[in-house]
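If you want the building blocks of each chain, they are given just below.
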Amino acid sequence: MNQTGGTLLRVQNLEVSYGAVQVLWGVSLSVVRGQVAAIIGSNGAGKSTTLNAISGVLKATSGRIVFKNEDLASLPPRERVRRHISLVPEGRQLWPKMTVEENLMMGAFPPKMRKNVKANIARVYEMFPRLKERRSQLAGTLSGGEQQMCAIGRGLMPQPELLMLDEPTLGLAPKMVDEIFQFVRDISNQGVTILLVAQNVNYALQFSHYAYLMETGKITLEGPGESLLSNQYVQEAYLGSS
Amino acid sequence: MTLIDFTNLLVSALLLAGIYAVMSVGMTVIYGVMKIVNLAHAGFMMLGAYFALELFQRFRIDPIIAALLAFPVLFFLGAAVHWVLLRRLPRSDEPTLPSLLLMFGLWLVLQNLGYLIWGNTDRSIFTPRTLSVVSTVRLAVFIAAVGCLLLLEVILHYTWFGRSVRALIQNRYAALLTGVYEDRTAGIAFGLGIGFAGLAGGLLGSLYSFDPDFGRPFLIRAFVIIVLGGLESISGVAIGALVLALVETFSILFVPAGYQLAISFGLLALALIVLPGGLASLLAKVRRVA
């Protein structure tokens, strides 16, 4: 499972509108199996919209979302979960009045995935022992960092081949940010392909094999993480150095 | 007031609360999952009452059993209504005008179907138990009501369907994201809500007389209960039902019984002004102060 190479996900000319307002204008990107890809950009650039369209919660008005040679664009979200694609959404989006364990269980909702629920919960607990301690606590009573762990744990429940993370460290204490990124690194080392959206540009670029810069609904720059990190425009506009 | 009077009133309030909870819980489930205010709830309650009456008159089936049988029948009716009509409504995280109009229209249609089939005379279900000294009917109604509520609570907490219902109530976006099949869950949830309406109608039918307009005053009570209980919590409904039943029952000591509905309305207005978040928000406030 750990081999690198081959395109796992290819998004072609993706367009998405909210009502009459178009937010994505022909976005194309691809993610190589086993690698970490990042999308960076400022607020409202369309990063979250892109992830939501890949997960199927938002319907694309046009374009292709090809995962393992299959176009997913017309499939509902549950069919994409069944194909082992999962999204850890911005702001965690847990069910506040369900227990930690119920939140995790729901992560593998499609009927055919339920037989592995116990084993997958055990794996998540192994990775996040703190969640195990709080398994019967309501998710709404967890601290921010614990909620993020729970959200990542839920995202791991469908045994993802592609794990999308939307701002996993937003609003967390600096120490927690390091911890979460370490978890993401561990997940990546287990062979899971990752598509990361982050405002923490420095972190995201150091972290990723390949990165895309998104501005007002379009990809305006792309390249290996380090090359974007040293790109003068990125440095001036997003890293605040002159 | 003697202690015995007080106990009498307390017991009858409790018994009333059971049935109030049953009639409101269906609306709560429907609102929580679909964000639809089921204005047609009274229509389905009326169908449940006539269903129990027909079974009783034609087959001599005990009205409480008949009310329980109304549950599955109304469940399938509700699921069918969802499939044919509600599935086509625009999705929203808030109640929409089209959904209100649709449900109101449905109520009118059901009501007039009732007039067409059963006419406008008052009907009642009369069994030897109805006039017994100890009101065994009320007790049986209460047991049936509480039993069904407990069953619902078990389903909501220990089945995949139940978890998908709670997931849709608490965060619809996350539910979709993890693969909940919204149309299916909502269809079953609407069926359950209508099933509870039918059950409530059948049970109320063995306590009060009814005609095709049956349910209107109860719809208003259900609104009071839901507002008191908070719009999306099942245990809140039980508390709201208990509060309303207590207030209505004990108000008889001070105002004529004919004003009961005015008391419900007053409570609704009061709740909306003082406690827009329901009793749960009051508890949270108390906890914060303490």
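What you see is a predicted model, and the numbers here were worked out from it, not measured in a lab. (Residues numbered from 1 in each chain as written. Chains lettered and ligands numbered in written order. Predicted model: local features only at pLDDT ≥ 70, side-chain atom pairs only at ≥ 80, totals over all residues. Heavy atoms only, no water.)

Visitor: Outline the packing of aromatic side chains, supporting the account with residue identities and numerical values.
Guide: Residues and elements named next belong to chain B. Applying the stated criterion across every chain yields a total of 14 aromatic pairs over all chains. Each residue in the set Tyr50, Trp118, Tyr208, Phe210, Phe214 and Phe218 is aromatic and connected to the rest through ring pairs, giving one cluster. Against the face of Phe56 rests Arg60, its NZ or CZ located 4.9 Å from the ring centre. (Phe/Tyr/Trp six-rings, centres within 6.5 Å; stacked < 30°, edge-to-face > 60°. Lys NZ or Arg CZ within 6 Å of the ring centre and 35° of its normal.)

Visitor: Can you break down helix H1 (residues 3-34) of chain B residue by residue, with the values?
Guide: When the terminal C-alpha atoms of H1(B) are compared, their 46 Å separation across 32 residues agrees well with the 46 Å that a helix rising 1.5 Å per residue should span. At Ser24(B), H1(B) shows its strongest bend, of approximately 25 degrees. (Helix = DSSP H or I, 4+ residues; strand = E, 2+ residues; numbered from the N terminus. Expected span 1.5 Å × (residues − 1). Bend = angle between axes of the 7 residues up to and from the residue.)

Visitor: Residue-level account of the packing of helix H2 (residues 41-59) of chain B against helix H4 (residues 97-118) of chain B, with values.
Guide: All names here are of chain B. In the contact formed by H2 and H4, the axes pass within 8 Å of each other and the chain directions differ by 25 degrees. Relative to H4, H2 is oriented roughly parallel. In the crossing of H2 with H4, the sense of the turn from one axis to the other is left-handed. Along the contact surface, H2 presents Ala42, Gly43, Phe44, Met46, Leu47, Tyr50 and Glu54, while H4 presents Leu106, Trp107, Leu110, Gln111, Gly114 and Trp118. (Axes fitted to C-alpha atoms, helices over the stretch in contact; angles between N-to-C directions. Parallel < 35°, antiparallel > 145°, perpendicular 65-115°, else oblique. Left-handed = near helix turned anticlockwise from the far one by under 90°. Contact = heavy atoms within 4.5 Å.)

Visitor: Please provide a residue-by-residue account of unusual backbone geometry, values included.
Guide: Residue and element names in this part refer to chain A. Residue Lys68 is not a glycine yet carries a positive backbone phi of 50 degrees. Structurally, the position occupied by Lys68 is in the loop between strand S4 (62-67) and strand S5 (70-71). A positive phi angle is found at Asn69, which is not glycine, with a value near 65 degrees. Summarising the element assignment, Asn69 is placed in the loop between S4 and S5.

Visitor: Could you give an account of the nonpolar core, naming the residues involved and the relevant values?
Guide: Ranked by internal contacts, the top residues of the largest apolar core, which has 144 residues, are Ile194(A), Tyr20(B), Phe44(B), Phe196(B) and Leu203(B). With 13 residues, the top contributor of residues to this core is H1(B). When we break this core down by domain, the ones giving at least three residues each are domain 1 (1-84 + 160-242) and domain 2 (93-159) of chain A. One finds Leu9(A), Val16(A), Leu24(A) and Met214(A) within the second-largest nonpolar core, a separate group that totals 29 residues. (Core = buried A, V, L, I, M, F, W, Y, C linked by side-chain atoms within 4.5 Å. Buried < 20%, exposed > 50% of the residue type's maximum accessible area, 1.4 Å probe, protein only. Domains from an automatic or database assignment.)

Visitor: Could you give an account of the interface of chain A and chain B, naming the residues involved and the relevant values?
Guide: The interface is formed by 24 residues belonging to chain A together with 17 residues belonging to chain B. Summed over both partners, the interface of chain A with chain B comes to about 2,000 Å²; 67% of that surface belongs to carbon and sulfur atoms. By the criterion of area lost to chain B, the three top residues of chain A are Arg78(A), Trp95(A) and Phe109(A), representing 30% of everything that side buries. At the boundary of chain A with chain B, the tally comes to 1 salt bridge. With a closest N to O distance of 2.6 Å, Arg166(B) and Glu102(A) form a salt bridge. Applying the counting criterion to the chain A and chain B interface returns 6 residue pairs in polar contact (both at pLDDT 80 or more). Within the residue set of the side of chain A that touches chain B, elements represented by two or more residues are helix H1 (47-55), helix H2 (77-82) and helix H3 (100-106) of chain A. Here the side of chain A that touches chain B is built from residues that sort into 15 nonpolar, 4 polar and 5 charged. (Buried area = accessible area lost by both parts, 1.4 Å probe. Salt bridge = Lys/Arg side-chain N within 4 Å of Asp/Glu carboxyl O. Polar contact = N/O pair within 3.5 Å; in protein donor to acceptor, adjacent residues only side chain to side chain. Nonpolar A, V, L, I, M, F, W, Y, C, P; charged D, E, K, R; others polar.)

Visitor: Which residues make up the domain arrangement of chain A, and what are the values?
Guide: Residues and elements named next belong to chain A. By domain assignment, chain A separates into domain 1 (1-84 + 160-242) and domain 2 (93-159). If you look at the interface, domain 1 gives 17 residues, while domain 2 gives 16 residues. When domain 1 packs against domain 2, close to 1,400 Å² is buried across both sides, 75% of that on carbon and sulfur atoms. Of all residues in domain 1, Arg82, Pro160 and Phe183 give up the largest surface area on contact with domain 2, accounting jointly for 34% of the area buried on that side. Remark: the boundary between domain 1 and domain 2 carries 1 salt bridge. Note that Arg130 and Glu179 form a salt bridge whose closest N and O atoms lie 3.2 Å from each other. Elements with a minimum of two residues in the side of domain 1 that touches domain 2: H2, strand S7 (162-166) and helix H7 (174-189). In terms of residues, the side of domain 1 that touches domain 2 owes the most to one element, H7, which gives 6 residues. By residue class, the composition of the side of domain 1 that touches domain 2 is 10 nonpolar, 1 polar and 6 charged.

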